[in-house]
Amino acid sequence: MPNRLRRFEILLPRQFNDGSQVPWGLILETVEQLEDRFGAVSSETQIIRGYWRAEGIHYRDNLIRIFMDVDDTEENGAFFIDLKDQLKARFQQLDIWITTYPIESL
């Protein structure tokens, strides 16, 4: 019987909005926070380019993707909603992109 899970994917910036480098320790802190909570987390460290604008300002982001598959519960969903605000502050961002979708593992 398949186990119902939900995948959460987070794009973390490699630069702050002012263009200065994000210390690698902030990314590791985030990965460790998720590993401590869920027991596992994965990451892809190739650069993902983001292009967007807000309030007339063009932003160009260099991002990495971290993701984890967790039980599909309201509690876990609420955790990621709260995490988004933490990450916006930690990485000094206007927004942090977090996506989610249901998956089934066999």
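**A closer look at the confidence of the model for the chain**
When pLDDT drops low, the exact placement of atoms in the prediction is not to be read closely.
Move 1: Of all residues in the chain, 98% have pLDDT values of 70 or greater, and the mean over the chain is 93.
Move 2: In the model of the chain, strand S2 (residues 42–54) stands out as the element of lowest mean pLDDT, 90, in contrast to helix H2 (residues 74–90), which has the highest, 97.

**Things to note about the side chain of Asp 61**
Move 1: Of note, Asp 61 is situated in strand S3 (residues 57–71).
Move 2: Of the buried charged residues, Asp 61 lacks a salt bridge, with Arg 60 as the closest side chain of opposite charge at 8.3 Å.
Move 3: A distance of 2.5 Å separates the side chain of Asp 61 from the side chain of Trp 52, its partner in a polar contact.
Move 4: Excluding residues within four positions of it along the chain, Asp 61 makes contact with Ile 48, Arg 49, Gly 50 and Trp 52.

**Topic: the nonpolar core**
Move 1: The biggest cluster of nonpolar side chains holds 18 residues, and the ones touching the most others in it are Ile 10, Leu 12, Leu 34, Phe 80, Leu 83, Leu 87 and Phe 91.
Move 2: Elements supplying a minimum of two residues to this core: strand S1 (3–13), helix H1 (24–38), S3 and H2.

About the cut-offs
Residues numbered from 1 in each chain as written. Predicted model: local features only at pLDDT ≥ 70, side-chain atom pairs only at ≥ 80, totals over all residues. Heavy atoms only, no water. pLDDT = per-residue confidence, 0-100. Helix = DSSP H or I, 4+ residues; strand = E, 2+ residues; numbered from the N terminus. Buried < 20%, exposed > 50% of the residue type's maximum accessible area, 1.4 Å probe, protein only. Lys, Arg positive; Asp, Glu negative; His and termini not counted. Salt bridge = Lys/Arg side-chain N within 4 Å of Asp/Glu carboxyl O. Polar contact = N/O pair within 3.5 Å; in protein donor to acceptor, adjacent residues only side chain to side chain. Contact = heavy atoms within 4.5 Å. Core = buried A, V, L, I, M, F, W, Y, C linked by side-chain atoms within 4.5 Å.

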